[in-house]
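Analysis of the macromolecular model
The lines below spell out each chain.
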There are 2 protein chains.
Amino acid sequence: MVLRGTVLRAEHSGTREFYIVRRGWLYSSMLLFDGNRQILSMHLPGEFAGEVGLPWDKAPFTITAASDTVVCVIDKGALRGLFERQPRIGALLLTLAQIERVTLADRLASIGRTSAKSRVAALIVDVLRRLRAGGEAADGGIALPLTQEEIGDATGLTAVHVNRMMRQLGEDGLIARSNGRLRVIDEARLAGIANHIDRYAGLDLGWLPPAAR
Amino acid sequence: MVLRGTVLRAEHSGTREFYIVRRGWLYSSMLLFDGNRQILSMHLPGEFAGEVGLPWDKAPFTITAASDTVVCVIDKGALRGLFERQPRIGALLLTLAQIERVTLADRLASIGRTSAKSRVAALIVDVLRRLRAGGEAADGGIALPLTQEEIGDATGLTAVHVNRMMRQLGEDGLIARSNGRLRVIDEARLAGIANHIDRYAGLDLGWLPPAAR
DNA sequence: CGTGTCGTTGAGCTCAGTCAATAAAAGTGG
DNA sequence: CCACTTTTATTGACTGAGCTCAACGACACG
């Protein structure tokens, strides 16, 4: 169990291992020289965390628990045998890395080229759909375990402006908030202003090696 | 030979193949619904292009030639055998993908959390060092085959503001420009304001499978 | 009940965008 | 090589989205 606010792995610490999230949310972030922080990605239940640091001996990012979490630890040495005996798994890992690259690129476009309101909407839609993909019941609203400061660090905004945008999204009838829970009222319209693209559609896994026996 | 301005591969077109750049520059971009464009990454000589689209049957991004280029085309079906017979190559591809992910994350932080001047500086430093890593002589200045509009689309700025920032970088004695060539005067200071991190340092490839014979 | 964190709101400011005009450069066809 | 067109770079004036600063309320926790 990793408690909310705890740093699971600090930037520049060793990377003998990576993680799978069992319960709760984590996020990867980096600190700039001027003290600003950028949250690079969220890690939701069922997803990997820290595997991006594989190629380095020191972690490129800090991984922090956004809520109380449970993670499963995997040693990176285990990957070696996997690549040798199960080429399909290796290729799947590559596939996953590319998917992450594309979703990161989507966020880059969101932050680089859209309004504050769109960015916040994009974060909400992204999280909502990933939770759903991970089998988390998301109909009664989601418990967003992020402070507005953190949402700001993820979207390239200030906490104050995040607050204003959330209020506007509420006034527009797109979302509703009550005691820490967030309910998406009009997902289609929210996804529209968020420029959301579903990257899990249209996957082509035909080129992968078959599973070894 | 792909002429400057030509779209090598359009968004949503098929992805039977990917590329290695032999000569010239390309870039991947995506178009938002409002007509805005975000340039997601540059592809310099010696680098891959389009391999990020591997997992999809339709390309997630558009690849455009920024200058006249020569590329080498690779069929993605060839990867299958590679993973089976050369696990090390597969693991290297994964490594490369993760490196790209991290540099994309660096750009995300740059765009999300730094000033216009820093972003332009970051683009220049990034390109300079990658050209150098690719063995391109970069001392007599680099021939930047990008319009200011394109630099803007890459940094999340407008062409007009890119122009102002370039001028300021010149006035600050960090760069010099003359007839299309750009010379970096004070690389250390430029890298400083760019928040540049060298991601090719500190790589740990010890976990990779050995080369097959 | 004091303290700290987080959310909310207002007032004013600034960085970057918009609009517009002009210069410079690069093509293009003759 | 020259006239003409299109693209790109440059600069100024103005605007506005988002930031800063500041105050206050709500809540959790010891």
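Residues numbered from 1 in each chain as written. Chains lettered and ligands numbered in written order. Predicted model: local features only at pLDDT ≥ 70, side-chain atom pairs only at ≥ 80, totals over all residues. Heavy atoms only, no water.

1. Observations concerning the sheet that holds strand S9 (residues 175-178) of chain B
All names here are of chain B. Selection criterion: If DSSP finds at least two bridges between two strands, the strands pair. Secondary structure elements follow DSSP: runs of H or I of four or more residues count as helices, runs of E of two or more count as strands, with numbering from the N terminus.
With respect to topology, 3 strands assemble into an open sheet ordered S8-S10-S9, the strand pairing being antiparallel. Either end of the sheet is taken by a strand with one partner, and the two such strands are strand S8 (142-143) and S9. The sheet contact formed by S9 and strand S10 (residues 181-184) spans 4 bridges and is antiparallel. Its bridge partner lying in S10, alanine 176 is registered against arginine 183.

2. What about the protein's contact with DNA strand D?
So the rule is basically this: Proximity criterion: a residue is near a molecule or strand once any of its heavy atoms comes within 4 Å of it. N or O atoms closer than or at 3.5 Å make up a polar contact, with two conditions inside protein: a donor-capable atom paired with an acceptor-capable one, and, for residues adjacent in sequence, both atoms drawn from side chains. When residue character is reported, Ala, Val, Leu, Ile, Met, Phe, Trp, Tyr, Cys and Pro are called nonpolar, Asp, Glu, Lys and Arg charged, and the others, Gly included, polar.
Residues in contact with DNA strand D amount to 16 residues; listed here are only the nearest, Ala116(A), Gln148(B), Asn163(B), Arg167(B) and Arg177(B). Taken together, the sugar and phosphate atoms account for 68% of what DNA strand D places within 4 Å of the protein. Here Thr158(A) contributes a side-chain N or O atom positioned 3.1 Å from a phosphate oxygen of DNA strand D. Taking Gln148(B), its side chain carries an N or O atom lying 2.6 Å from a phosphate oxygen of DNA strand D. Secondary structure elements with two or more residues in the surface near DNA strand D: helix H5 (159-171) of chain A together with helix H5 (159-171) of chain B. For the surface near DNA strand D, the element with the most residues is H5(B), which contributes 4 residues. Tallied by class, the residues present in the surface near DNA strand D amount to 4 nonpolar, 7 polar and 5 charged.

3. Quick look at the domain arrangement of chain A
Residues and elements named next belong to chain A. This is how it is decided: Residue ranges assigned to each domain were obtained from an automatic or database domain assignment. Any pair of residues with heavy atoms lying within 4.5 Å of one another is described as a contacting pair. Simply put, the buried area is the total loss of 1.4 Å probe accessible area from both parts when two parts are fitted together.
We note that the domain assignment places domain 1 (7-83) and domain 2 (114-194) within chain A. Each side of the interface is counted separately: domain 1 has 12 residues, and domain 2 has 11 residues. Summing both sides of the interface, domain 1 and domain 2 together bury roughly 1200 Å²; the carbon and sulfur share of this comes to 59%. Three residues, Trp25, Arg37 and Met42, lead the burial of domain 1 against domain 2; their summed loss comes to 43% of the area buried on that side.

4. A word on the packing of helix H1 (residues 78-85) of chain A against helix H2 (residues 87-113) of chain A
We count it as follows: The angle between two axes is taken between their N-to-C directions and runs from 0 to 180 degrees, where each axis is a line fitted to C-alpha atoms and a helix contributes only its stretch in contact.
Relative orientation of the contacting elements H1(A) and H2(A) amounts to 115°, with a least axis distance of 5 Å. Here Leu79(A), Leu82(A), Phe83(A), Glu84(A) and Arg85(A) of H1(A) lie close against H2(A), whose contacting residues are Pro87(A), Ile89(A), Gly90(A) and Leu93(A).

5. Looking at helix H3 (residues 116-133) of chain A
Residues and elements named next belong to chain A. Rules: To estimate the expected span of a helix, count its residues, drop one, and scale the result by 1.5 Å. Exposed residues in this analysis have more than 50% of their type's maximum accessible area, buried residues have under 20%, and partly exposed residues fall in between, with area computed by a 1.4 Å probe over protein chains only.
Here H3 is 18 residues long and its end C-alpha atoms lie 26 Å apart, about the 26 Å a rise of 1.5 Å per residue gives. Among the 18 residues of H3, 13 are classified as buried, and the element is accordingly described as predominantly covered. Looking one or two residues beyond H3, the residue adopting positive phi is glycine 135, at roughly 85°.

6. Quick look at H5(A)
Residues and elements named next belong to chain A. Note the threshold: The directions from the helix axis to the C-beta atoms form the arc being described.
When the terminal C-alpha atoms of H5 are compared, their 18 Å separation across 13 residues agrees well with the 18 Å that a helix rising 1.5 Å per residue should span. Val162, Met165, Met166 and Leu169 are the residues of H5 that are buried. Buried residues of H5, viewed axially, fall in a sector of 105°; they line one side. Among the residues trailing H5, glycine 173 stands out with phi positive, at a value near 75°.

7. A word on the protein's contact with DNA strand C
Neighbouring residues of DNA strand C: 16 residues in total, closest Gln148(A), Asn163(A), Arg167(A), Arg177(A) and Ala116(B). Among atoms of DNA strand C positioned within 4 Å of the protein, sugar and phosphate together represent 67%. Contact between DNA strand C and Thr158(B): a phosphate oxygen at 3.1 Å from a side-chain N or O atom of the residue. Looking at the surface near DNA strand C, the elements with two or more residues in it are H5 of chain A together with H5 of chain B. Among the elements that take part in the surface near DNA strand C, H5(A) stands out by supplying 4 residues, more than any other. Considered class by class, the residues forming the surface near DNA strand C number 4 nonpolar, 7 polar and 5 charged.

8. Concerning the relation of the copies chain A and chain B
To keep things clear, this is the line we draw: Least squares is used to superpose the copies, and the fit set is the C-alpha atoms of residues whose pLDDT is at least 70 in both copies.
Note on the copies: chain A fits chain B at an RMSD of 0.0 Å, the axial shift is 0.0 Å, and the rotation between them is 180°. Such a combination of turn and shift is consistent with a two-fold rotation axis.

9. So, the interface of chain A and chain B
Short version of the rule: The salt bridge criterion pairs a side-chain nitrogen of Lys or Arg with a carboxyl oxygen of Asp or Glu, the two atoms within 4 Å.
Taken residue by residue, the interface counts 62 residues in chain A and 62 residues in chain B. Here chain A is connected to chain B by 8 salt bridges. On inspection of chain A and its partner chain B, the count reaches 22 residue pairs in polar contact (both at pLDDT 80 or more). Elements supplying a minimum of two residues to the side of chain A that touches chain B: strand S4 (37-43), H1, H2 and helix H4 (148-155) of chain A.

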